[in-house]
Each structure stands twice: as structure tokens, then as C-alpha cells.
Protein chains: 2
Amino acid sequence: MSITIKKIAELANVSRGTVDRVIHNRGGVNEETSERVKAIMKKYNYKSNRIAQALVTSKKRYSVGVIINSIGNEFFDSILEGLVYEKQKYNNIDLIIKELKGYDENDQLKAIEEIVNEDIQALIITPINTENIINALNKLDIPVVTMNNDIEVDKLAFVGCDYYNSGQLSGDIANIALPNGGNVAIVVGSFNLRGHVERINGFKEVFKAQNGKIKTFENQDDDNISYDLVKEIVKNKKIDLFYFAAAGIAGGLKALEELKSNIPVITVDETKAAREGLLNGRTLATITQQPYKQGSRAIQIIQNYLVYNTKPENKENITGNKIQLRHMRFVVDK
Amino acid sequence: MSITIKKIAELANVSRGTVDRVIHNRGGVNEETSERVKAIMKKYNYKSNRIAQALVTSKKRYSVGVIINSIGNEFFDSILEGLVYEKQKYNNIDLIIKELKGYDENDQLKAIEEIVNEDIQALIITPINTENIINALNKLDIPVVTMNNDIEVDKLAFVGCDYYNSGQLSGDIANIALPNGGNVAIVVGSFNLRGHVERINGFKEVFKAQNGKIKTFENQDDDNISYDLVKEIVKNKKIDLFYFAAAGIAGGLKALEELKSNIPVITVDETKAAREGLLNGRTLATITQQPYKQGSRAIQIIQNYLVYNTKPENKENITGNKIQLRHMRFVVDK
DNA sequence: CTGAAAGCGCTTACAG
DNA sequence: CTGAAAGCGCTTACAG
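Residues numbered from 1 in each chain as written. Chains lettered and ligands numbered in written order. Predicted model: local features only at pLDDT ≥ 70, side-chain atom pairs only at ≥ 80, totals over all residues.

S.K.: Explanation requested: the overall build of chain A in the structure shown.
M.R.: A count of helices and strands for chain A gives 13 helices and 12 strands. Projected onto the principal axes, the alpha-carbon positions of chain A cover approximately 85 × 40 × 30 Å. Here chain A, with 334 residues, has 43% of them falling under the buried criterion. Long-range pairs, those at least 24 residues apart, make up 68% of the contacts in chain A with a sequence separation of at least 6. (Helix = DSSP H or I, 4+ residues; strand = E, 2+ residues; numbered from the N terminus. Buried ≥ 20, exposed ≤ 12 C-beta atoms within 10 Å, placed from the backbone. Contact = placed C-beta atoms within 7 Å.)

S.K.: Sorry, what's going on with the relation of the copies chain B and chain A here?
M.R.: Each copy of the chain is related to the other by a rotation around an axis and a translation along that axis. Superposing chain B onto chain A requires a rotation of 180° together with a translation of 0.1 Å along the rotation axis, leaving an RMSD of 0.1 Å. Here the symmetry operator amounts to a two-fold rotation axis. Closest approach to the rotation axis among the C-alpha atoms of chain B is made by B:Ala177, whose C-alpha sits 2.6 Å away. Of the interface residues in chain B, 100% have counterparts in chain A that sit at the interface too, so the contact is made through matching surfaces. (Least-squares fit on C-alpha atoms with pLDDT ≥ 70 in both.)

S.K.: How do you make sense of the protein's contact with DNA strand C when you look at a structure like this?
M.R.: Taken together, the neighbourhood of DNA strand C is formed by 24 residues, with A:Ile5, A:Asn49, A:Ala52, B:Gly17 and B:Asn30 sitting nearest. Only α2 (16–23) and α4 (50–57) of chain A together with α2 (16–23) and α4 (50–57) of chain B provide two or more residues apiece to the surface near DNA strand C. Tallying contributions element by element places α4(A) first for the surface near DNA strand C, with 5 residues. Each residue belonging to the surface near DNA strand C can be placed in one class, and the counts come to 9 nonpolar, 12 polar and 3 charged. (Near = placed C-beta within 6 Å. Nonpolar A, V, L, I, M, F, W, Y, C, P; charged D, E, K, R; others polar.)

S.K.: Can you help me understand unusual backbone geometry in this one?
M.R.: Leave glycine aside and you will find that most residues have negative phi; peptide bonds, for their part, are mostly trans. Even without being glycine, A:Asn25 reaches a positive phi, approximately 50°. Position of A:Asn25 relative to the elements: it lies in the loop between α2 and α3 (31–43).

S.K.: So what exactly am I meant to see when it comes to helix α11 (residues 249–258) of chain B here?
M.R.: The set of residues buried in α11(B) consists of B:Ile249, B:Gly251, B:Gly252, B:Leu253, B:Ala255 and B:Leu256. Looking one or two residues beyond α11(B), the residue adopting positive phi is B:Lys260, at roughly 50°.

S.K.: I tried to follow the protein's contact with DNA strand D on my own but got confused; where do I start?
M.R.: In the vicinity of DNA strand D there are 24 residues, among which A:Gly17, A:Asn30, B:Ile5, B:Asn49 and B:Ala52 approach most closely. Elements that contribute at least two residues to the surface near DNA strand D include exactly α2 and α4 of chain A together with α2 and α4 of chain B. Ranked by residues supplied to the surface near DNA strand D, first place goes to α4(B) with 5 residues. Across the surface near DNA strand D, the residue classes tally to 9 nonpolar, 12 polar and 3 charged.

S.K.: Any chance you could explain the domain arrangement of chain A here in plain terms?
M.R.: Accessible area lost on assembly of the parts is the figure often given for the size of an interface. The domain boundaries assigned to chain A delineate domain 1 (5–48), domain 2 (60–155 + 291–319) and domain 3 (163–288). Each of domain 1 of chain A and domain 2 of chain A has a C-alpha centre, and these two points are 34 Å apart. (Domains from an automatic or database assignment.)

S.K.: Got a minute to help me understand the sheet that holds strand β10 (residues 283–288) of chain A in this structure?
M.R.: Adjacent strands of a sheet pair through backbone hydrogen bonds, lying either parallel or antiparallel. All names here are of chain A. The 6 strands lie next to each other as β7-β6-β8-β9-β10-β12, forming an open sheet whose pairing is mixed. Either end of the sheet is taken by a strand with one partner, and the two such strands are β7 (214–218) and β12 (322–324). Strand-to-strand, the axes of this sheet are offset by a mean angle of 20°, without reference to chain direction. Pairing geometry for strand β6 (residues 184–188) and strand β8 (residues 241–244), over 4 bridges, is parallel. Bridged to Val-184 within β8 is Leu-241. Here helix α9 (residues 194–206) sits on the sheet in contact with β6, β7 and β8, set at roughly 160° to β6. (Pairing = 2+ DSSP bridges. Axes fitted to C-alpha atoms, helices over the stretch in contact; angles between N-to-C directions.)

S.K.: Just to check I follow, could you spell out the sheet that holds strand β2 (residues 93–101) of chain A for this structure?
M.R.: Residues and elements named next belong to chain A. The strand order across the open sheet built from 6 strands is β2-β1-β3-β4-β5-β11, with neighbouring strands paired in parallel fashion. In this open sheet, the two edge strands, each paired with only one partner strand, are β2 and β11 (316–319). Each neighbouring strand pair of the sheet contributes to a mean axis angle of 15°, computed without reference to strand direction. Bridge count for strand β3 (residues 122–125) against strand β4 (residues 144–147) is 3 bridges, and the pairing is parallel. Paired with Ile-125 across the strands is Thr-146, a residue of β4. Across the sheet, helix α6 (residues 105–116) lies against β1 (62–71), β2 and β3, angled at about 160° from β2, the strand it touches most.

S.K.: Looking at this model, I keep getting lost on the interface of chain B and chain A. Mind explaining?
M.R.: Across the boundary between the two partners, chain B contributes 23 residues, which contact 23 residues of chain A. If you list the elements that add at least two residues to the side of chain B that touches chain A, you get α4, α8 (163–177) and β12 (322–324) of chain B. Per element, the largest residue contribution to the side of chain B that touches chain A is 7 residues, and it comes from α8(B). The residue inventory of the side of chain B that touches chain A, partitioned by class, reads 14 nonpolar, 5 polar and 4 charged.

S.K.: Explain the packing of α6(A) against helix α7 (residues 131–139) of chain A here, please?
M.R.: The geometry of a pair of packed helices is captured by two quantities: the angle between their axes and the separation between those axes. All names here are of chain A. Orientation of α6 relative to α7, taken along the N-to-C sense of each, is 10°, at an axis distance of 10 Å. For the element pair α6 / α7, the angle class is roughly parallel. Contacts between α6 and α7 involve Glu-105, Gln-108, Leu-109 and Ile-112 on the former and, on the latter, Asn-132, Ile-133 and Ala-136. For the contact of α6 with α7, the per-class residue count stands at 4 nonpolar, 2 polar and 1 charged. (Parallel < 35°, antiparallel > 145°, perpendicular 65-115°, else oblique.)

S.K.: Sorry, what's going on with the environment of B:Gln220 here?
M.R.: Residue and element names in this part refer to chain B. Mapped onto the elements of the fold, Gln-220 is located in the loop between β7 (214–218) and α10 (223–236). Placed 32 residues apart in sequence, Gln-220 and Val-188 show a C-alpha to C-alpha distance of 7.4 Å. Setting aside its immediate chain neighbours within four residues, Gln-220 contacts Gly-189, Ser-190 and Ile-225.

S.K.: Looking at this model, I keep getting lost on the pairing of β7(A). Mind explaining?
M.R.: Strand residues, when the strand is regular, have side chains that alternate between the two faces of the sheet. Residue and element names in this part refer to chain A. As paired strands, β6 and β7 are joined by 5 bridges and run parallel to one another. Residue pairing across strands places Val-188 opposite Glu-218, the latter belonging to β7. Crossover connection from β6 via α9 to parallel β7: handedness right-handed. (Right-handed = clockwise from strand over helix to strand, strands pointing away.)

S.K.: I keep staring at the environment of B:Arg329 and nothing clicks. Help me out?
M.R.: On the secondary structure map, B:Arg329 appears in the segment after β12. Along the chain, B:Arg329 and B:Glu198 lie 131 residues apart, while their C-alpha atoms are 28 Å from each other. Those residues within four positions of B:Arg329 in sequence are excluded, and the remaining contacts are A:Asn165 and A:Gly320.

S.K.: Please explain helix α10 (residues 223–236) of chain A as it appears in this structure.
M.R.: In an α-helix, one turn spans 3.6 residues; hence positions three or four apart end up facing the same way. All names here are of chain A. For α10, spanning 14 residues, the distance from its first C-alpha to its last is 20 Å, which sits close to the expected 20 Å at 1.5 Å a residue. Along α10, the residues classified as buried are Ser-226, Tyr-227, Leu-229 and Val-230. In this structure, the buried residues of α10 make contact with β6, β7 and α11 (249–258). (Expected span 1.5 Å × (residues − 1).)

S.K.: So what exactly am I meant to see when it comes to the environment of B:Asn106 here?
M.R.: Residue and element names in this part refer to chain B. Here Asn-106 shows up in helix α6 (residues 105–116). The exposure class of Asn-106 is exposed, given the 8 C-beta atoms found within 10 Å. The sequence separation of Asn-106 and Ile-133 amounts to 27 residues, and the corresponding C-alpha distance is 8.9 Å.

And the structure:
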């Protein structure tokens, strides 16, 4: 039970309104008065009562913009679910969601411009890492949360996974499957995407290939390319394990299926293709990043900021990597 | 925004006090009046405002008893942490904790008797599965939450893990490590403990031994017995993998260490021994059950019941099994 | 069996 | 720059 505003007001010989003004830096308070109030708050270690605060502020409404590159990318479904579920818990947040397809800089710039005109009080975005995007975001005067992908920008917080560790964990699984080493083919979307490269590096740090080799390939996150690529690889090289470290898993698995290959596979995330691979026994494990939690955490952070004016403890909010095996119950981590 | 008590009172032509009496079945309300109020509540789908409720009730204090067989069993540390952390979040709950050593029925009966005299409003217990305990618990007139171990008793809820699934997941790992099958030794504490047997059964369902065999042993959850047992097993049998499905992991690993054996191991939980095994590379994986969450969830359930008179959605509250690998960041799931 | 009033700890206009 | 009052949606005595 911390001291209350009422008590502080008495001690400082001012009204509760004035204390409130000081606490929230609403301005228009005489410097001396302000100092006096602050001193008392400090002395008695004032902590606002969130419940009382919530009771009166819960009728305020906030608009939060969301820009997310989710069209045609099943992975983002869970993130969106997390966003929507969490916002309805507070019932004072309206979401204005702009879904984009692919990673076109101009599309995203346009989306930012448009969404800002909708009178939003905060922005959640899966940003593309370019100068123009960084500049556009830095110009905003509302809090920004980067989600799933981080860039160097002024922000309230980042919510996403540790890609390097995801790669390490795949390396652990590979070590279990191939205790004597072997040849591994890693397939990612693009060597230009930070997350993809980090997964490769994490894997390489951990997996002991011994006399084998680790080879890396790009499939542009595209199932058709992935399909052709895998057929090509299997035809030309002796591969002991595939690590699909990004999208295009359905295509890759289909190729192996058709080749009647029994090369084991490690995948990422929990898309339909990744689940099927696990359940039919071809995939050893899939490393997931709790996307639902990324969405819900982003909303939490913004809610805390808008309603209680509180920043998250850490700017970096990392969702844990989780190993899914064949008999894992698929339960969403809320 | 649901209808408020004030509004209901107006519509029913009664005072807010009377509405409150009806809502909480406090009694002393004329039958007709009560029906009238209930009808209106139903018609307008009244949902109490938790925030307002919390503001006024947050000064009430509750005592919650905890009986837990934690002495000398490191596994329970996390459960206790979860209990303590969660209760301090609400700051209206006092915990009265009785820690016991081992699974002696009379000790637990005595603890129940004693703790009830402390004027507690709810009880959390890791119960032993005997008739006398069941009777003693059924006689209580306060809500009971069984934690970590479930028994057939009147209760508000059970919080714990799915042991069978834990065994299945170990089977998945074993299948990755031994794709051609092999001989597996499973060591548990006792064939009389439900959880231990379920883990064995889950493993057996999933692991394809092929020409190998699965053999099971008891170590009484004791490190010394475990140590001798493992030495004995390795001396007499060709074993391709050990699955330590309960306590006594430190003893078992020490034996393998001394034998300079390189037989791989799967363990359970996140004790010091389990972590060390993972980090030094002998253990392939340890299957954990989120004990911290078991503790915190138990408190949540009781808090919701005592403060808001709300029962949990499900009586069975299962914490997910989680695979920890060598490079897993050890992060507590709160 | 029932009502009127006070209060939980805040914030929000309004008035000066 | 500051204060007095009302109100958020509940619960809690108290009085009858």
C-alpha cells in the first residue's frame, strides 16, 4: 500500500488536482510547488494505483496503427491473432491494420504516410530495413514498436525473436540426428535478410559437420523456387539433412516427397507445411518463435504506454524459441 | 461497456445495495425483488466491472495455505518461486507454506490438520494419492487446488503437467537419436507413482525400438541408488540410450561419467544436474514442465476465486511440456 | 428485507 | 497557477 495522492496533497498543502498535474507533467504548476510535491512523492515512494487509474481512464479510446507484411504469408496469421486478442482484452484500443504483400519499400512508405493521417496514437510495424523507412519512422511524433523485424530507429520497443539462437537450436537437433557429422543443406529466403543469415550462423556455430560440409542456398521464400532447388540439390549432392530456415517449406518438402528421399529435415515456424512435415515423420523438429506472443506483447507495450505512460522494462522484447516435435501438442502460448 | 449496477438499480426500482446482494447471493433479499433484478441483469447481460471491484476489494487480505513436498527436492524451487512471485503481484494474499520431505501420508495428514487451524481461505497442495488424504481434503470447506500431482478429490482446480505427453516427447528425441532403434533403459523413481508410469508409457508408444528393447528400472528418486543402478545396468546390458524420467539424475549421470560411457541421455526437468548434463553434451535434451507456471497459475486461480468469485474455465490446467536443448536460453516462463 | 451514504484512489472539467 | 467538486463502478457498514 503506497501513499495516495490525497495524502500527498495534504502533506504538500495543495489540492489533488495539483498533485496530478505534477505526476503527469501536465504543466502549469509553479516551480516551487512542483518541487515540494515531487520531494514528498519521492520521500514516500509514491506509486500510482493502477486500478484506480484504470477505473477512470478505461473509457478513453486509442487508435493504434499496424503495418504488417502479412499478405500471402501464413506465418503472420498468429501475430495478427495475438494483436487482435490482446487489444480486445482492454476494450479501449482500436486497431487500424494495413496488410502489405512482400517487402517493397515504396509500398511501406506509402502505408506509413496513409496510416499517420488516420489520427493514430501509436504505430506497430514490421519494418523494412532501408534508409527511407528509417527516416520516415524517425519523423513520427507517436511511439513506434517494431515487431518481428528490428531496425535502427527511434522506438518505444522491439518485439521479436532471437534468430541466431533459433539457428543454434537447429544445430543441436542436427547434432542429435547426425552424431558423426554429415552434409547439411541450409535453405533460406535471401542472404540479404538479417534474420536468415543469423539462423545460418547460429547453426554453423553449433553443428559439428566433422567430415561433412554445410552448404547454403536461397529460395526467395518462394515454394516453386524451393521445389526446383531441392530437386537440384538432391540430384547433385549427397545431403544428410535439410534445414529450411525460412519460408518455402511446402515446396521443399514436396520435392523430397516426390523423390522418395528419406533425408531428414529441420524447419522453422508452425505453418501448415511445417506441421505436416512433423506429423508425417519427415521433419525432425521445427523451431518456432511464438508469433502469437509477439502480437500480444506489442499491444501490451502500447497499452501500458498510452494508458499508464509507462515504458517497457527493456526495449528489446525477445520471444523465446520453442522446439516442436512430432508429438508436441500444438498449444498457442498466450 | 456492459450495463452498470447503478443502471440496474434504477431499472429495478431498488437500491444499488440490493443489486449487490442479488449479484453475490448475499441473501436477505425478497424472492420477487431478487427475480426482478436477475431478469434485468440477464436482459442486459450484466458483467461486473473487475476494475471497480478490485478498487474496493483490494484492501481485503486472504490467507492461502500451501502444502508442498519440496524439502530436499530442487524441482520444487521453481514452483515456490512462481507461487511467491504471483502472490506479491496482488498484494492482498498471505501465503502460509508448509514444506514436507518425502511422501509420508501421516506427515501430510498432520500438515493438513495444522494448516486448517491457521484460518486459511484456500489450500494449495501437492497431494499424496491415498484414501486418507482424499477424505481429509474432501472434508474441508475451503477451495482446494491440487498442484503438480492430481488425485480424485473435490477441488477448484488441478494445475500440473501432462506426464504421458512428456514421455512421448522423449520418445520423439529418442527416435531422432536412434533412427534404427536400439536398447533403451528408462529409470524412474517408482512404478507406483502415476506420473512416472505415464512417462514410461508415453515413451513406449512413440519410440521405435525395432530390434532393440526398452527396459525399465526404479531408483526411488535417490541419487545413490541411481548411481549404483546405472553402473549395474551398463555392466550387464548393451544400452544405446538412457531416459531418466524422474529424480536421481545427478547420480545416474555421475555413474556414466565415471564409466567414461558415451551413452546418450534424455532427462526431465531443469535441476542443476539436468542443466549440467545438457551443457557438457552428455544429455541430448531435457523435457521440462514449466514448474514456475504451475505455482503462479495456482495463485491466479485462487485469487480469481477469492476476490472475484470466479472459477477457472477448466478444472484441468495443464502446463505445456517444453524441450530444452544444449543451446536453449534458460528463461523462466512466467 | 431495504435504502442512503460514504469511500476505494484516481482524473476531469470548471471556475477563478 | 490552483482548488473544489464530481465521477469512474463497485462494496461496505449503518440505520431502519
